[in-house]
Amino acid sequence: NAGVTQTPKFQVLKTGQSMTLQCAQDMNHNSMYWYRQDPGMGLRLIYYSASEGTTDKGEVPNGYNVSRLNKREFSLRLESAAPSQTSVYFCASREYPTNTGELFFGEGSRLTVL
Amino acid sequence: DQQVKQNSPSLSVQEGRISILNCDYTNSMFDYFLWYKKYPAEGPTFLISISSIKDKNEDGRFTVFLNKSAKHLSLHIVPSQPGDSAVYFCAARPATGNQFYFGTGTSLTVIP
């Protein structure tokens, strides 16, 4: 099983450009998440989707939009990239609703905004 | 405001000794706690978890302890091995809700 697959793995953008990070999971999970990892900041939640058809803001949603395309896919869009959005982005999924159950992460997408 | 804190950015331990990684949280509504391990250029992988109804959970060399009154959890690795060298994140989830909050991570180096 591939688990959680993210594309692209690397991307360089210029300030003001737009792009979409794609995420797909093959574990039939209901919930999907987008996190960003920055030095000294840990993993911070951008947006999440508890189930198909729903999305909610996380801790740092400004400058991002998301689309839960179907149960498998959850995309993250940067409409006008800024240098502050240079980061490593991780998509994750989880079975829901359960009282326990961990997040399964993809390998990450490294984005540099010049 | 960081609801999950890992105050030690790094830790070095000799091979074979115990590694103790600490995590504090501020939200009393958290009831499920997890530890993740992350190697460079890879995604975090789940290590061990504990529910708030327990104070200890063991899985092989890894044990997580939860002290609810102190809002503190710790991860013990015994014995430590060089392959354990990685960044460790603790995470917490409230009783109601689907969000997971992560700490800033502790970089563990196990010296052969």
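Residues numbered from 1 in each chain as written. Chains lettered and ligands numbered in written order. Predicted model: local features only at pLDDT ≥ 70, side-chain atom pairs only at ≥ 80, totals over all residues. Heavy atoms only, no water.

### Some words on the overall build of chain A
Put simply, the rule is: Helix and strand definitions follow DSSP, with helices as H or I runs of at least four residues and strands as E runs of at least two, each counted in order from the N terminus. Note on method: radius of gyration uses C-alpha positions; expected globular size equals 2.2 Å times residues raised to 0.38. Burial here depends on accessible area, computed with a 1.4 Å probe over protein chains only, as a share of the maximum for the residue type. Under 20% is buried, over 50% is exposed, and the range in between is partly exposed. Contacts: residue pairs with any heavy atoms within 4.5 Å of one another. Each accessible area is a Shrake-Rupley estimate made with a 1.4 Å probe; only the visible protein chains count as cover when residues are assessed. His is not counted, nor are the chain ends; Lys and Arg add positive charge and Asp and Glu add negative charge. Throughout, a charge is located at the NZ atom of Lys, the CZ atom of Arg, the CG atom of Asp or the CD atom of Glu.
Looking only at helices and strands, chain A features zero helices and eleven strands. Listing the helices and strands of chain A from first to last along the sequence gives β-β-β-β-β-β-β-β-β-β-β. Its C-alpha atoms give chain A a radius of gyration of 13 Å, within 12% of the compact-globule value 13 Å for 114 residues. Projecting the C-alpha coordinates of chain A onto the three principal axes gives extents of approximately 40 × 25 × 25 Å. Here chain A, with 114 residues, has 48% of them falling under the buried criterion. Residue pairs at least 24 apart in sequence account for 55% of intrachain contacts in chain A once pairs closer than 6 positions are excluded. Carbon and sulfur atoms provide 48% of the accessible area of chain A, an area that totals close to 5,300 Å². Across chain A, the 11 positively charged side chains and the 10 negatively charged ones have centroids separated by 6 Å.

### As for the state of the cysteines
The line we're drawing: By convention in this document, the label disulfide applies to cysteine sulfur atom pairs within 2.5 Å.
Counted by the stated rule, this structure contains two disulfides over all chains. The disulfide that involves Cys23 of chain A links it to Cys91 of chain A, with 1.9 Å between the sulfurs. Its torsion about the S-S bond being -75°, the disulfide of Cys23 of chain A and Cys91 of chain A is classed as left-handed. Here Cys91 of chain A lies in strand E9 (residues 87–94) and Cys23 of chain A lies in strand E3 (residues 19–25), a separation of 68 residues in the sequence. Shown here is the disulfide that connects Cys23 of chain B with Cys90 of chain B, its sulfur atoms set 1.9 Å apart. On the S-S bond that ties Cys23 of chain B to Cys90 of chain B, the torsion sits near 65°, and the link is right-handed. Of this pair, Cys23 of chain B sits in strand E3 (residues 19–25) while Cys90 of chain B sits in strand E9 (residues 86–94); the two residues are 67 residues apart in sequence, bridging distant segments of the chain.

### Observations concerning the sheet that holds E3 of chain A
Residues and elements named next belong to chain A. What counts here: Paired strands are those between which DSSP finds at least two bridges. Structural elements are reduced to axes, namely lines fitted to C-alpha atoms, with helices fitted over the stretch in contact, and the angle between N-to-C directions of any two is expressed from 0 to 180 degrees.
Reading across from one edge, E1-E3-E8-E7 is the order of the four strands in this open sheet, with antiparallel pairing throughout. Lying at the two open borders of the sheet, with one neighbouring strand each, are strand E1 (4–7) and strand E7 (64–68). Recorded for the sheet is a direction-independent mean angle of 15° between the axes of neighbouring strands. Strand direction decides the pairing type here: E3 and strand E8 (residues 74–78), joined by three bridges, are antiparallel. Each bridged residue has a counterpart across the sheet, and for Met19 the counterpart in E8 is Leu78.

### Some details on the packing of aromatic side chains
The line we're drawing: Stacked, edge-to-face and tilted labels apply to pairs of Phe, Tyr and Trp rings (six-membered ring for Trp) whose centres lie within 6.5 Å, assigned for plane angles under 30 degrees, over 60, and everything in between, in that order.
Summed over the entire model, instances satisfying the criterion amount to 14 aromatic pairs over all chains. Pairing Tyr64 of chain A with Tyr89 of chain A gives two aromatic rings, centres 5.9 Å apart and planes at 65°, and the pair type is edge-to-face. On the criterion of sequence distance, the pair formed by Tyr64 of chain A in strand E7 and Tyr89 of chain A in strand E9 is long-range, its members being 25 residues apart. Residue Tyr64 of chain A is classed as buried on the basis of its relative accessible area, which comes to 4%. On the accessibility criterion, Tyr89 of chain A (0% relative accessible area) is buried. Through a chain of ring-to-ring contacts, three or more aromatic side chains come together here, namely Tyr33, Tyr35, Tyr48, Phe90 and Phe105 of chain A together with Tyr36, Phe46, Phe100 and Phe102 of chain B.

### Some details on the nonpolar core
Heads up, the condition is: Take the buried Ala, Val, Leu, Ile, Met, Phe, Trp, Tyr and Cys residues and link them wherever side-chain atoms come within 4.5 Å; each set so joined is a nonpolar core.
Of all hydrophobic cores here, the largest spans 24 residues; its most connected members are Phe33, Trp35, Leu73, Leu75 and Tyr88 of chain B. Mapped by element, the contributors of at least two residues to this core are E3, strand E4 (30–38), strand E5 (45–51), strand E7 (62–67), strand E8 (72–77), E9 and strand E11 (106–111) of chain B. It is E9 of chain B that provides the largest number of residues to this core, a total of four residues. Listed in part, the 19 residues of the second largest apolar core include Met32, Tyr64, Ala81 and Leu111 of chain A.

### Quick word on the side chain of Asp38 of chain A
All names here are of chain A. Assignment of secondary structure puts Asp38 in strand E4 (residues 31–38). Residue classification places Asp38 among the buried residues on the basis of a relative accessible area of 10%. If we skip the residues at most four places from it in the chain, Asp38 touches Arg44, Thr86 and Ser87.

### Here we look at the environment of Met32 of chain A
All names here are of chain A. Structurally, the position occupied by Met32 is in strand E4. Residues Met32 and Phe74, spaced 42 residues apart in sequence, show a C-alpha to C-alpha distance of 6.8 Å. Among all residues touching Met32, those that are not within four sequence positions of it are Cys23, Gln25, Tyr48, Ser49, Arg68, Lys71, Arg72, Glu73, Phe74, Cys91, Ala92 and Ser93.

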